[in-house]
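In case you want the letters, here they are:
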Amino acid sequence: MSYVGAAGLVLVVLAVAMPWAARAFLPRGIWTFLVAALGVWLVVIYTAPGVGVIHHLPVFSTNFVGRARSVVWLLVAALAAIGLEVILRRRPEAPVAEDVRRLRFRYAASVTGAIALFGVLIFWQARRIAGGDPARRAERVGQLDREVLIGLAFLAVAAGAVALAWWSGGRPGRLWGGVRVGAAAILPVLAAVQALTLTVPYLPRVGKETFYPITETHRYLREHLGHERFAGTWTAMYAGADSQLQLRALSGHQFVHERFAELVQGLPTEQFGSPTWLDNPARADVATSPVLDRLGVRYFVTSPSDRVFGRRTPPQSGGSPITVVPGTPALPHFIVEEPLRAVVITPVGPLPPRTPDATVEVVLKDPDGREVARSQRLARAMGAGKAFEVPVVGEDIPVGTELTVDFNTTGFGGPLSAEGTFGRVAVGTVTSTGDGLRLVRSSPAVVYERLNAAPRIRWASDAIVQPDGPSRVDLETSGTLRADQVVLDTPGPHTDGAPADLRIDEDGTDKIEVSVSAKGAGYLVIADAIQGQFKATVDGEPADLVPADHGLAAVAVPAGEHLVRVQYAAPYDNLGGWVSMLMVIALVVVVVAGRVRDRRRSASEGIGDARRARL
């Protein structure tokens with residue numbers, strides 16, 4: 001969010017409109033630089049031509065140019081500080097030529113008028129946008145008008161304080177000096193009060209535990225994920241929130257290594273909403289892709305509102321609508337024919353009113369009345385005539401078991417009805433198709449275990465060389481590679497086709513350490529995007545970290561007992577650290593040299609004064 005308060009705006013206008021006053025105390029060229037830089041950045045960020053040009057340049061092509069707003073507001077803050085300094089330094093001035101005075105007045109009036117006109121245009125555009133929704137036009141336009149009136153009130157007070165400080169600065173005497181300082185002191189207070197009116201509504205008013213709440217899904221992944229990773233859809237797992245629990249995710253918002261991104265893009269459909277936004281869609285062909293196997297994705301997480309993966313048997317309708325709850329005349333039942341993943345009903349309208357957290361609960365019982373599965377789903381996405389799937393953890397229920405279905409609801413303002421058959425609610429199912437997935441959790445998110453996923457840190461006893469990049473990606477997506485095979489760009493040390501035992505001693509984001517007990521030579525494969533950024537050692541000796549599986553990395557390890565360490569290495573041998581250290585030294589030298597120079601100058605001036613006194 002971009003924000004500048006009324007006090008800051010008035011001070012910026014003052015600094016820009018009165019360059020002669022600012023240049024009186026600023027080093028040469030500073031005022032020109034600040035104003036020109038602010039103008040350039042405003043054009044770049046807030047105009048279509050500017051964004052269109054800059055977006056194709058290096059750095060900005062992979063990063064939203066709007067993030068440079070921080071530079072704009074740094075320049076604005078600097079100009080506001082200059083404006084405050086202008087009014088604090090105001091003293092009675094020597095008369096200036098009439099033509100100079102008139103030119104200054106015209107320039108200041110032009111700058112002020114141009115900024116005021118720009119504000120009017122922004123207000124007009126904001127009113128037009130606010131009125132775009134006819135249903136909420138009056139509400140939104142009214143809110144905009146109220147906020148603008150409040151802002152104008154702050155603006156009037158700020159302008160008055162600046163005018164008083166400026167006027168009193170032109171009069172001699174301690175009294176007027178105090179008036180000037182008091183008027184200027186109003187400005188930071190005004191800025192703080194207005195800032196609070198904006199920020200307070202955004203401050204959290206709930207417990208910290210609700211910021212990124214830990215759900216049963218997070219707990220399950222934390223207990224079962226180990227050294228592997230999961231992939232989550234946007235509707236199920238908020239990107240980045242998993243980092244709090246140190247859960248390794250494929251999806252997220254980050255810069256992605258080019259070759260790793262090419263491997264990920266081997267998945268069906270587009271995976272990147274932007275160059276830095278990796279979001280896996282809730283599709284069965286994505287969840288079962290061999291690419292995820294190679295990436296060590298053990299779990300795939302979707303929302304209960306997403307389609308459950310599997311074979312659908314729709315409800316057998318044809319009868320009259322039946323009340324699901326309360327007062328179901330007879331519990332529906334069905335026979336399990338394949339591993340069960342979801343129960344399906346078709347609600348009929350009109351649907352009863354419901355709260356945002358309204359739920360539908362399903363309880364499955366066997367012929368002896370024992371509960372074999374229970375699950376629930378939020379009813380937000382429920383629609384009349386649309387299949388409503390409730391995922392259940394039921395793949396362990398033996399095929400041939402006859403189940404009865406008991407429904408319960410919460411948050412509904414009336415009875416829920418669905419299509420019926422033979423006097424019962426018509427129930428459909430979603431079942432497994434032998435797709436290599438296993439539904440292991442159904443609420444609050446749906447978690448599928450990927451049964452064919454290779455370990456993220458694994459041993460490859462066989463190497464395949466494929467120098468062509470697209471052909472490597474095709475090979476990774478083919479599903480023909482075994483977990484103990486690795487695809488290399490170029491030939492490397494030979495492999496013996498023998499297994500190895502791995503013990504992962506450390507698995508962090510900057511360092512991985514693995515003890516290897518190999519019966520023959522092979523490769524330790526790490527399914528992370530660490531090409532070109534990490535260095536490897538084997539038993540403390542430098543080793544090559546070679547590209548593997550196109551976007552991953554591997555280390556050749558001979559037979560025997562070995563310790564393999566892979567660790568992040570700062571680029572250019574930590575050149576950035578050396579440059580930072582040199583800059584600190586340079587700053588210290590500049591400060592010390594300045595102090596020495598000032599002392600010598602003071603001493604020299606003191607000697608001169610003493611000589612003049614003797615004369």
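Residues numbered from 1 in each chain as written. Predicted model: local features only at pLDDT ≥ 70, side-chain atom pairs only at ≥ 80, totals over all residues. Heavy atoms only, no water.

Caption draft 1: The sheet that holds strand S5 (residues 297–302), seen in detail. The four strands lie next to each other as S1-S5-S19-S18, forming an open sheet whose pairing is mixed. Every interior strand has two partners, whereas the edge strands, strand S1 (229–232) and strand S18 (437–441), have only one. The average angle at which neighbouring strand axes cross in this sheet is 30°, direction not considered. In this sheet, strand S19 (residues 446–450) lies alongside S5 in antiparallel orientation, the contact comprising four bridges. Across the sheet, the residue bridging to valine 301 is valine 447, located in S19. Across the sheet, helix H9 (residues 216–224) touches S1, S5, S18 and S19, and the angle it forms with S5 is around 175°. (Pairing = 2+ DSSP bridges. Helix = DSSP H or I, 4+ residues; strand = E, 2+ residues; numbered from the N terminus. Axes fitted to C-alpha atoms, helices over the stretch in contact; angles between N-to-C directions. Contact = heavy atoms within 4.5 Å.)

Caption draft 2: Summary view of the pairing of strand S23 (residues 500–507). For S23 and strand S24 (residues 511–518), the ladder comprises seven bridges, and the chain directions are antiparallel. Bridge pairing in S24 places aspartate 507 opposite isoleucine 512.

Caption draft 3: A look at a nonpolar patch on the surface. A contiguous nonpolar patch, built from Tyr572, Leu575, Trp578, Val579, Met581, Leu582, Met583, Ile585 and Val589 and spanning about 970 Å² of accessible area, is present on the exposed surface. Positionally, valine 589 belongs in helix H14 (residues 571–614). (Patch = residues over 30% accessible without salt bridge, like charges linked within 9 Å, V, L, I, M, F, W, Y side chains within 5 Å. Areas by Shrake-Rupley, 256 points an atom, 1.4 Å probe, with all protein chains shown as cover. Salt bridge = Lys/Arg side-chain N within 4 Å of Asp/Glu carboxyl O.)

Caption draft 4: View of helix H7 (residues 137–169). Here H7 spans 47 Å end to end across 33 residues, near enough to the 48 Å set by a 1.5 Å rise per residue. If you check which residues of H7 are buried, you get Val141, Gly142, Leu144, Phe154, Ala158, Ala161, Val162, Ala165, Ser168 and Gly169. Next to the buried residues of H7 lie helix H1 (6–17), helix H5 (69–88), helix H6 (98–130) and helix H8 (174–199). (Expected span 1.5 Å × (residues − 1). Buried < 20%, exposed > 50% of the residue type's maximum accessible area, 1.4 Å probe, protein only.)

Caption draft 5: Inspection of the pairing of strand S25 (residues 522–526) at higher detail. Among the five residues that make up S25, five are buried, leaving the element largely enclosed by the rest of the structure. In terms of strand pairing, strand S20 (residues 457–460) meets S25 through four bridges, oriented antiparallel. Note on S25: the bridge partner recorded for tryptophan 459 is leucine 524. The pairing of S25 with strand S29 (residues 552–557) spans five bridges and is classified as antiparallel. Opposite glycine 522, over in S29, you have valine 557 as the bridge partner.

Caption draft 6: Looking closely at helix H13 (residues 469–477). Those residues of H13 lying buried are Gly469, Arg472, Val473 and Glu476. Considered in projection along H13, the buried side chains sweep an arc of 95° and stay on one side of the axis. H13 presents Pro470 and Asp474 as exposed residues on the side facing more than 90 degrees away from its buried surface. Turning to H13, the residues buried within the fold contact helix H10 (258–264), helix H12 (290–294) and strand S22 (485–488). Taken from the residues just after H13, glycine 479 is the one with a positive phi, measuring 80°. (Arc of directions from axis to C-beta.)

Caption draft 7: Structural context of the environment of valine 291. Mapped onto the elements of the fold, valine 291 is located in helix H12. Residue valine 291 is classed as buried on the basis of its relative accessible area of 0%. Through-space distance from the C-alpha of valine 291 to that of arginine 128 is 48 Å; in sequence the pair is 163 residues apart. Apart from the residues lying within four places of it in its own chain, the contact partners of valine 291 are Leu263, Val264, Gly266, Leu267, Glu476 and Thr477.

Caption draft 8: Looking closely at the pattern of salt bridges. One pass over the full model with this rule turns up 31 salt bridges. Among the ionic pairs, arginine 472 bridges to aspartate 489, the shortest N-O distance being 3.3 Å. You can see arginine 472 sitting in helix H13 and its partner aspartate 489 sitting in the loop between S22 and S23, a full 17 residues away along the chain. On the basis of relative accessible area, aspartate 489 is assigned to the buried category, the value being 14%. Each of Arg229, Arg248, Arg456, Asp507 and Asp528 takes part in a single network of salt bridges with overlapping partners.

Caption draft 9: Structural view of the side chain of histidine 550. If you trace the backbone, histidine 550 turns up in the loop between strand S28 (545–548) and S29. In this structure, histidine 550 is in contact with Arg259, Glu262, Leu263, Gly469, Arg472, Val473, Val487 and Gln531, ignoring residues within four places of it in sequence.

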